[in-house]
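If you want the building blocks of each chain, they are given just below.
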Amino acid sequence: MQQISNIVILTGAGVSAESGLATFRGPDGLWEGQRVEDVATPGAFVADPHLVQRFYDERRASLASVAPNAAHEALARLDEEWPGELLLVTQNVDDLHERAGTKRLLHMHGELKSAWCLACDTRSQSPDRLLDFPPCPQCNEKMLRPDIVWFGEMPYGMERIESALMQADLFVSIGTSGAVYPAAGFVQTARYRGAQTVEINLEPSAGSIYFDESRMGRATELVPPFVEELLGRPPA
């Protein structure tokens, strides 16, 4: 691996799965027993807001029973010690990267611990139970929804992500299927810029052909030595 300075890392459900959180969509097409179409679209929220609020309240509560794993901790160390530019983009809506200590972090699909007010368009820390339809701390209207990017909505921070990818010397994808856009296209953007590309996953993703190197296995086993490898190399 040649000298590098700027790094972009993408993490997906495979990283959080090793902490005990369910991946977004299981082999049966369900997410925690629910059809994605029933809990992860704007139309689902209009059709049955109680179901949607209850679903995300349960996901939020589940965070208390899990902890960051070795992959989260290794990436936090990389964030702390890497002297060049670094952006960790996660598709996960949990807070495990933050709890591990990562600071240079962007949640492109939103966060379970954030609520979005549809009345005043502000975001705030989410109460434990949105099912109670609590008032917005800014405008006092009872129009809070989970601050989650649902199907049909634009992911957060795309301009920042595209800018980071165009300046990246190294793009790393960890624990992602490579099947959901726009994240699935990040590797191609990075390659266009001339970045090295590395995939770390349990099995080859849908976009494996675009990576210069693929390392197959558990993130908890592969990410820590990969970080040690990076930190052992002087940046360009």
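Bear in mind the structure is a predicted one, so any value in this text is a computation, not a measurement. Numbering of residues begins from 1 in every chain and follows the order in which that chain's sequence is written. Where local features are concerned, this predicted model is filtered to residues with pLDDT of at least 70; where side-chain atom pairs are given and counted, the filter is 80 or more; whole-chain, interface and lining totals use all residues. For the side-chain quantities, the full set of heavy atoms in the structure was used; hydrogens and water were omitted.

Participant: Can you break down the overall build of the chain residue by residue, with the values?
Facilitator: Strands are runs of DSSP state E lasting at least 2 residues, helices are runs of H or I lasting at least 4, and numbering of each runs from the N terminus. In terms of helices and strands, the chain carries nine helices and eleven strands. Overall size of the chain, expressed as C-alpha extent along the three principal axes, is 55 × 40 × 30 Å. Throughout, a residue-residue contact means that at least one pair of heavy atoms, one from each residue, lies within 4.5 Å. Put simply, 65% of the contacts in the chain that link residues at least 6 apart link residues at least 24 apart. In the form shown here, the chain has an accessible surface area of approximately 11100 Å², with 50% of it arising from carbon and sulfur atoms. Surface exposure here means Shrake-Rupley accessible area, sampled with a 1.4 Å probe, where a residue is shielded only by the protein chains that are shown.

Participant: How would you summarise the sheet that holds strand β9 (residues 170-174) if you had to cite specific residues and measurements?
Facilitator: Between any two strands, at least two bridges found by DSSP are needed for them to pair. Pairing is parallel across the open sheet formed by six strands, whose spatial order is β5-β4-β1-β9-β10-β11. Because the sheet does not close on itself, it has two edges, and the strands there are β5 (105-107) and β11 (213-216). When the angles between neighbouring strand axes are averaged without regard to direction, this sheet yields 15°. Here strand β10 (residues 196-201) pairs with β11 via four bridges, running parallel. Across the sheet, the residue bridging to Asn-201 is Met-216, located in β11. The axes are straight lines fitted to the C-alpha atoms, using for helices just the contacting stretch, and the angles between their N-to-C directions are given from 0 to 180°.

Participant: Give me the lowdown on the domain arrangement of the chain, citing residues and values where you can.
Facilitator: Each domain's extent was defined by an automatic or database domain assignment. Domain assignment breaks the chain into domain 1 (1-20 + 68-109 + 155-236) and domain 2 (22-65 + 110-148). Using only C-alpha atoms to locate each centre, domain 1 and domain 2 end up separated by 26 Å. With 13 residues of domain 1 in contact, the opposing surface of domain 2 contributes twelve residues. Simply put, the buried area is the total loss of 1.4 Å probe accessible area from both parts when two parts are fitted together. Across the domain 1 to domain 2 interface the summed buried area is about 920 Å²; carbon plus sulfur atoms make up 52%. It is Val-93, Asp-95 and Tyr-156 in domain 1 that bury the most area against domain 2; as a group they hold 49% of the surface buried on that side. Salt bridges are defined as contacts in which a side-chain nitrogen from Lys or Arg sits within 4 Å of a carboxyl oxygen from Asp or Glu. Linking domain 1 to domain 2 there are one salt bridge. Where Lys-113 meets Asp-95, a salt bridge forms, and the shortest distance between an N and an O atom there is 3.2 Å. Polar contact is the term for a pair of N or O atoms within 3.5 Å; when the atoms are in protein, one must be able to donate a hydrogen and the other to accept it, and sequence-neighboring residues count only if both atoms are side-chain atoms. The tally of links from domain 1 across to domain 2 stands at six residue pairs in polar contact (both at pLDDT 80 or more).

Participant: Tell me about unusual backbone geometry, and name the residues and values.
Facilitator: Put simply, Tyr-181 and Pro-182 share a cis peptide bond, and its omega is 10°. Within the fold, Pro-182 resides in the loop between β9 and α8 (186-193). Its identity is not glycine, yet Asp-121 carries a phi of approximately 65°, on the positive side. Within the secondary structure, Asp-121 sits in the loop between β6 (110-117) and β7 (123-125).

Participant: A description of the UniProt feature "active site" (unreviewed entry) in the chain should follow, citing residues and the corresponding values.
Facilitator: UniProt positions are given in the numbering used here, feature names are shortened, and annotations may be inferred rather than shown by experiment. Under the feature "active site" (unreviewed entry), the UniProt entry names His-109. The residue His-109 is located in the loop between β5 and β6 in this model. Only protein chains enter the area calculation, which uses a 1.4 Å probe; residues under 20% of their type maximum are buried, those over 50% are exposed, and those in between are partly exposed. Relative accessible area serves as the criterion here: at 17%, His-109 is assigned to the buried category. Non-local contacts of His-109, meaning those with residues more than four positions away in its chain, are made with Thr-90, Gln-91, Val-93, Asp-147, Ile-148, Val-149 and Pro-155.

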